[in-house]
Amino acid sequence: MYVFIQYRSLKQLHSLLQALDKDPVLAEKGTDYVNAKFNEPPYVRKESILMQAFSGMPSLKKPLFNVPNSQRIYELRSYESATEKLYLNKVQMFNEDEIEIFERIGSQPIFFGEVLAGSQMPNLMYMTSYSDKASRDAHWKIFGNDSTWKRIVNLPQYKNNMAKADVFFLTPATYSEL
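Residues numbered from 1 in each chain as written. Predicted model: local features only at pLDDT ≥ 70, side-chain atom pairs only at ≥ 80, totals over all residues. Heavy atoms only, no water.

Draft legend 1. Summary view of the packing of aromatic side chains. According to the stated counting rule, one finds 17 aromatic pairs in the structure shown. For the pair Tyr2 and Phe4, a centre-to-centre distance of 6.3 Å together with 5° between the ring planes defines the contact as stacked. Residue class for Tyr2 comes out partly exposed when judged on its relative accessible area of 42%. Relative to Phe111, the ring of Phe4 lies with its centre 5.3 Å away and its plane at 45°, an arrangement referred to as tilted. Of this pair, Phe4 sits in the segment before helix H1 (10-22) while Phe111 sits in strand E3 (residues 109-117); the two residues are 107 residues apart in sequence, bridging distant segments of the chain. By way of ring pairs, the aromatic residues Phe54, Tyr79, Phe94, Phe102, Phe112, Tyr126, Trp140, Phe143 and Trp149 are connected into one cluster. Above the ring of Phe169, the side-chain terminus of Lys133 is found at 5.4 Å from the ring centroid. (Phe/Tyr/Trp six-rings, centres within 6.5 Å; stacked < 30°, edge-to-face > 60°. Buried < 20%, exposed > 50% of the residue type's maximum accessible area, 1.4 Å probe, protein only. Helix = DSSP H or I, 4+ residues; strand = E, 2+ residues; numbered from the N terminus. Lys NZ or Arg CZ within 6 Å of the ring centre and 35° of its normal.)

As C-alpha cells, this is what we get:
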C-alpha cells in the first residue's frame, strides 16, 4: 500500500505527526494497531520517503479519467543514480525536457520528486497515470518514439545518469483522491 501526502512544509508534517500522537479518537479506534503485540505486528515493514517536488512540476496533479479507479493504472518509478552529481543531472533532464514530453503525450503525470530521505538514494521518483494497461503501453511507445526523447537520450551530458530503475504498477483504492 502506498500513501502519498503533499505537505507545504516540514513544519506542517511535524505538526500533523504531533496532532496524531495526541488524537483521542485515533487512540481509541486504533488501539489494535497502536498496542499490537511484538509477535503480531500490523505490518511487515513500513518506509517513509521524503521528497521535494521538481521545479518543473511543483505540486501534485490529479489525473482526469472517465473510468472507475479499479481500471486505472498508476506507474510509480524510482530512478537511482551512481552519484549525487549524476542524480542531479537526471533531475535536470526531467525538468528541461522529460516532464514536457509526459504532459504533451497525455501520460497524466501526478508528481516528480527529488528524494531527500529514503532507502535508495540518490534517487528520484515519479508517477504517471493511465486509464488502463493498454493505454499505458501505448503512451510508453509514443514516449520512446518522441523526437525530443530521441534527441535528449543520446546527448553526451546525459549519458549514464541513471543506474537502476524500479517500476511499480498500482491501482488506486476506491477512496483514493488521485
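Draft legend 2. Representation of the side chain of Thr148. With respect to the element layout, Thr148 can be found in helix H6 (residues 147-152). Classification of Thr148 by relative accessible area gives buried; the value is 17%. If sequence neighbours within four positions are ignored, Thr148 has contacts with Asp97, Ile101 and Arg104. (Contact = heavy atoms within 4.5 Å.)

Draft legend 3. Spotlight on the sheet that holds strand E5 (residues 164-170). Read across the open sheet, the five strands follow the order E1-E3-E4-E2-E5; overall the sheet is antiparallel. Edge positions in the sheet fall to strand E1 (50-53) and E5, since each has one partner strand and no second. Ignoring strand direction, the axes of neighbouring strands in this sheet form an average angle of 25°. In this sheet, E5 lies alongside strand E2 (residues 73-80) in antiparallel orientation, the contact comprising seven bridges. Each bridged residue has a counterpart across the sheet, and for Tyr79 the counterpart in E5 is Ala165. With respect to the sheet, helix H4 (residues 84-104) is in contact with E2, E3 and strand E4 (123-130), its orientation differing from that of E3 by roughly 170°. (Pairing = 2+ DSSP bridges. Axes fitted to C-alpha atoms, helices over the stretch in contact; angles between N-to-C directions.)

Draft legend 4. Representation of the pairing of E4 within the structure. Within E4, eight of the eight residues are buried, which leaves the element mostly enclosed by the surrounding structure. A two-sided burial pattern is seen for E4, the buried positions comprising Asn123, Met125, Met127 and Ser129 on one face and Leu124, Tyr126, Thr128 and Tyr130 on the other. Where E2 and E4 come together, eight bridges link them in antiparallel fashion. Its bridge partner being in E4, Tyr74 is matched across the sheet by Ser129. Note: E3 against E4, five bridges, orientation antiparallel. Paired with Phe112 across the bridge in E4 is Tyr126. Hairpin connection, E3 to E4: the antiparallel pair is bridged by five residues.

Draft legend 5. Focus on the side chain of Arg72. Residue position: Arg72 is located in the loop between E1 and E2. A distance of 3.2 Å separates the side chain of Arg72 from the backbone oxygen of Val67, its partner in a polar contact. Reaching out from Arg72, the side chain makes a polar contact with the side chain of Asn69 at a distance of 3.0 Å. Sequence-distant contacts of Arg72, defined by excluding residues within four places in its chain, comprise Phe65, Val67, Tyr130, Ser131, Leu170, Thr171, Pro172 and Leu178. (Polar contact = N/O pair within 3.5 Å; in protein donor to acceptor, adjacent residues only side chain to side chain.)

Draft legend 6. Representation of the pattern of salt bridges in the model. What the rule picks out here adds up to eleven salt bridges. One salt bridge in this structure joins Glu100 and Arg104, with 2.6 Å as the shortest N-O distance. Separated by four residues within a single helix, Glu100 and Arg104 lie in helix H4, roughly one turn from each other. When its relative accessible area of 42% is taken as the criterion, Arg104 is described as partly exposed. The shortest N-O distance in the salt bridge between Asp166 and Lys164 comes to 3.8 Å. Its relative accessible area of 21% is what places Asp166 among the partly exposed residues. Residue Lys164 is classed as partly exposed on the basis of its relative accessible area, which comes to 40%. (Salt bridge = Lys/Arg side-chain N within 4 Å of Asp/Glu carboxyl O.)

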